[in-house]
Amino acid sequence: AAEAAAAAQKAKEEEEAEKERQTRFQRARQMSFERNTAKKRREQAEKAKAAEAAAKATADATKDLDAEKLAKFQQEVADGGGVDNKEMMNVAVVSDIGWKGGAEPAQGDDVWAQYDFKCAVSDVLEYAEYLGMDIKQDAHLLWIADEALQAPEPQGWEQRLDPKGGVYYYHPTTGMSLNQHPLDH
């Protein structure tokens, strides 16, 4: 019986030792996992920081290039030329009012490329002001002015020119004429 008790005690000690060894092994594996995870996070943060720095450098270079183009265009206009360059005229209009719409432009060459206007930017801005929009505060709503400029005349209305070259709208069935687009009412 003493031998059986000694064997049982020895088996119990071996079992506890095995449990302790398994616990240490799991703890070591967990710590290794945590170290590897932390290392990966650091590497990702470093990559993100490097990518951000590269993007900022590219944006700064693009901004400098745009500023140079704008200055050159403004000098051309001051010298009496360059007015037929619509793209640069739109950029000049934007720089004059100081509006960037909160986000930097998608493409460096055209400040308005991200907005994908169908009409000329100067027309959109002018019509937005006519509608009572504040260009800076309502920048996210400029698409409405663009869409309104593209809207066709309602059924039955015709766009005509008066003797002075001004545009008016005429409805032949009713004989009604308007100086403003019929949808503006």
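Just so we're clear, the structure is a prediction, and the values are computed from it rather than from any experiment. (Residues numbered from 1 in each chain as written. Predicted model: local features only at pLDDT ≥ 70, side-chain atom pairs only at ≥ 80, totals over all residues. Heavy atoms only, no water.)

## A look at the pairing of strand β2 (residues 167–171)
1) Next: The sheet contact formed by strand β1 (residues 158–161) and β2 spans 4 bridges and is antiparallel. Paired with R160 across the two strands is Y168, which belongs to β2.
2) Next: Count of turn residues in the β1/β2 antiparallel hairpin: 5 residues, of which G165 carries a positive phi of about 95 degrees.
3) Next: Bridge count for β2 against strand β3 (residues 176–178) is 3 bridges, and the pairing is antiparallel. Each bridged residue has a counterpart across the sheet, and for Y169 the counterpart in β3 is L178.
4) Next: The turn joining β2 and β3, which pair antiparallel and follow one another in sequence, is formed by 4 residues; a positive phi near 75 degrees is taken by G175. (Pairing = 2+ DSSP bridges. Helix = DSSP H or I, 4+ residues; strand = E, 2+ residues; numbered from the N terminus.)

## What to know about the packing of helix α3 (residues 121–130) against helix α4 (residues 142–150)
1) Next: Taken N-terminus to C-terminus, the directions of α3 and α4 make an angle of 105 degrees; their axes are 9 Å apart at the nearest point. Regarding the angle of α3 to α4, the classification is roughly perpendicular. Counted together, D123, V124, L125, Y127 and A128 of α3 and L142, A145, D146, A148 and L149 of α4 form the full contact between these two elements.
2) Next: Taken together, the residues that form the contact of α3 with α4 break down as 8 nonpolar, no polar and 2 charged. (Axes fitted to C-alpha atoms, helices over the stretch in contact; angles between N-to-C directions. Parallel < 35°, antiparallel > 145°, perpendicular 65-115°, else oblique. Contact = heavy atoms within 4.5 Å. Nonpolar A, V, L, I, M, F, W, Y, C, P; charged D, E, K, R; others polar.)

## Here's the deal with the pattern of salt bridges
A side chain of one charge can pair with a side chain of the opposite charge if their charged atoms are brought near each other.
1) Next: Inspection of the entire model under this criterion finds 2 salt bridges.
2) Next: The salt bridge involving R21 is made with E18; its shortest N-O contact spans 2.7 Å. Here the residue R21 and the residue E18 both occupy positions in helix α1 (residues 2–78), the gap between them amounting to 3 residues, near one helical turn.
3) Next: Its relative accessible area of 44% is what places R21 among the partly exposed residues. (Salt bridge = Lys/Arg side-chain N within 4 Å of Asp/Glu carboxyl O. Buried < 20%, exposed > 50% of the residue type's maximum accessible area, 1.4 Å probe, protein only.)

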